Amino acid sequence: MCGIVGLFLKDKSLEPELGALLSSMLVTMTDRGPDSAGIAIYGDASGNNAKITIQSADPKKDFAGLEAELGQAVGASVAIQVKSTHAVIMLAKDLLDTGKAAVAELRPNIRIMSSGDAIEIYKETGLPKDVVSRFAVNSMAGTHGIGHTRMATESAVTTLGAHPFSTGSDQCLVHNGSLSNHNNLRRELKREGMTFETENDTEVAAAYLTAEMAKGKNLGQALEGAVDDLDGFFTFVVGTKSGFGVVRDAIACKPAVMAETDQYVAFGSEYRALVNLPGIENARVWEPEPATVYFWDHQKVA
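Residues numbered from 1 in each chain as written. Predicted model: local features only at pLDDT ≥ 70, side-chain atom pairs only at ≥ 80, totals over all residues. Heavy atoms only, no water.

On the basis of which strands lie adjacent, the open sheet formed by five strands has the order E9-E10-E11-E12-E16 and antiparallel pairing. One side of each edge strand has no neighbouring strand; the edge strands of this open sheet are strand E9 (165–168) and strand E16 (294–297). Direction aside, neighbouring strands of the sheet carry axes that sit 20° apart on average. Contacting E9, strand E10 (171–179) and strand E11 (232–239), helix H7 (residues 201–214) crosses the sheet at an angle of about 130° to E10. (Pairing = 2+ DSSP bridges. Helix = DSSP H or I, 4+ residues; strand = E, 2+ residues; numbered from the N terminus. Axes fitted to C-alpha atoms, helices over the stretch in contact; angles between N-to-C directions. Contact = heavy atoms within 4.5 Å.)

Moving on, we get to the packing of helix H6 (residues 182–191) against H7. Describing two packed helices takes the angle between their axes plus the distance from one axis to the other. Between H6 and H7, the least distance of the axes is 10 Å, while the angle of their chain directions is 40°. Between H6 and H7, the crossing angle belongs to the class labelled oblique. As for the relative orientation of H6 and H7, their crossing is left-handed in sense. The segment H6 lies against H7, with His-182, Leu-185, Arg-186 and Leu-189 engaging Asp-201, Val-204, Ala-207, Tyr-208 and Ala-211. (Parallel < 35°, antiparallel > 145°, perpendicular 65-115°, else oblique. Left-handed = near helix turned anticlockwise from the far one by under 90°.)

If you roll a probe as big as a water molecule over the atoms, it shows you where there is empty space left. Taken as a whole and assessed by the stated rule, the structure comprises one cavity of 30 Å³ or more. By volume, the largest cavity amounts to about 40 Å³. Residue lining of the largest cavity: Phe-165, Thr-167, Gly-168, Gln-171, Cys-172, Leu-173, Ala-206, Leu-209, Thr-210, Met-213, Val-238 and Gly-239, and that is the complete set. At four residues, the largest contribution of residues to the lining of the largest cavity is made by H7. (1 Å grid on protein atoms, 1.4 Å probe; cavity = no way out; pocket = protein on both sides within 12 Å on 5 of 7 lines; lining within 4 Å. Points joined across faces, edges and corners; volume = space filled by probe spheres on them.)

With that settled, consider the side chain of Asp-170. With respect to the helices, strands and loops of the structure, Asp-170 is situated in the loop between E9 and E10. No salt bridge is formed by the buried Asp-170. Its closest oppositely charged neighbour is Lys-241, at 5.2 Å. When residues no more than four places from it in sequence are discounted, the contact partners of Asp-170 are Tyr-42, Ser-115, Gly-116, Asp-117, Ala-118, Ile-119, Gly-239, Thr-240 and Lys-241. (Buried < 20%, exposed > 50% of the residue type's maximum accessible area, 1.4 Å probe, protein only. Lys, Arg positive; Asp, Glu negative; His and termini not counted. Salt bridge = Lys/Arg side-chain N within 4 Å of Asp/Glu carboxyl O.)

So, about the pairing of strand E14 (residues 264–268). Of all the five residues making up E14, five are buried; the element is thus mostly covered by neighbouring parts of the structure. Of the two faces of E14, the one holding Tyr-264, Ala-266 and Gly-268 and the one holding Val-265 and Phe-267 are both buried throughout. Direction of pairing for strand E1 (residues 3–9) relative to E14: antiparallel, over a ladder of five bridges. Within E14, the position partnered with Leu-7 by the bridge is Ala-266. Pairing analysis gives four bridges linking strand E13 (residues 257–260) to E14, with the strands arranged antiparallel. Counterpart to Ala-259 in the pairing with E14 is Ala-266. The loop that links E13 with its antiparallel partner E14 comprises three residues.

As structure tokens, then:
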């Protein structure tokens, strides 16, 4: 049945607390999905630098010497911060694609979790409390983020099968539900040049949005298209570099609740995920309507 949480901060004074707030929300949803968990954190874009978040099943071996080898491969200095099975590579923004190709060449067993100016994704099998503790998510700052705890239905319980899924720069998606046309859509997207690492239906949804935004749509417009083009039951929460979106299918049988104050917009699969947020007692609380897109963007928030 899975549990989803999301938090989009309007008030910059809350940004140092993003990781702690989002972690608490996710742990509250543990009984909705104990198989695996993950969180995407969007920090402030760091000037001319970009990030690549990577994961290894054997980090001691794969991360050893990688900083020096990668710097030599791209012809520039890079910095790597290791966090358990994950690591964040910092490099010049114009070397992002070169860096990802070099990682694949130097360490074929490493998997790229996300890349972009602001996003970092941490996900593993296990309970949310263990995942957020392993990666010290509580101490992370940021502008917005989304999280997911999974009860597997469509594919195996693996790190790659955990949410969020990222298929484009600074983009990610979490999903509760099941898509019925994901195999046909995956074939269409492959013909358009998209690549896939899993058989998970959620990765197809993420790739669909990436492909639509590559055509010039913003996140809200891409989500509107998803209502028509994706069949099945779904609640999506999606992040971009500056945006945060929510949409449910036309039947909307998967639970969802939202809250908004002057400080934030929050999403939870159930209201109990929101109860510890600051000022929640004064929030406007509602259930997202079926087939309706809700979309916020930091570039448009005063």
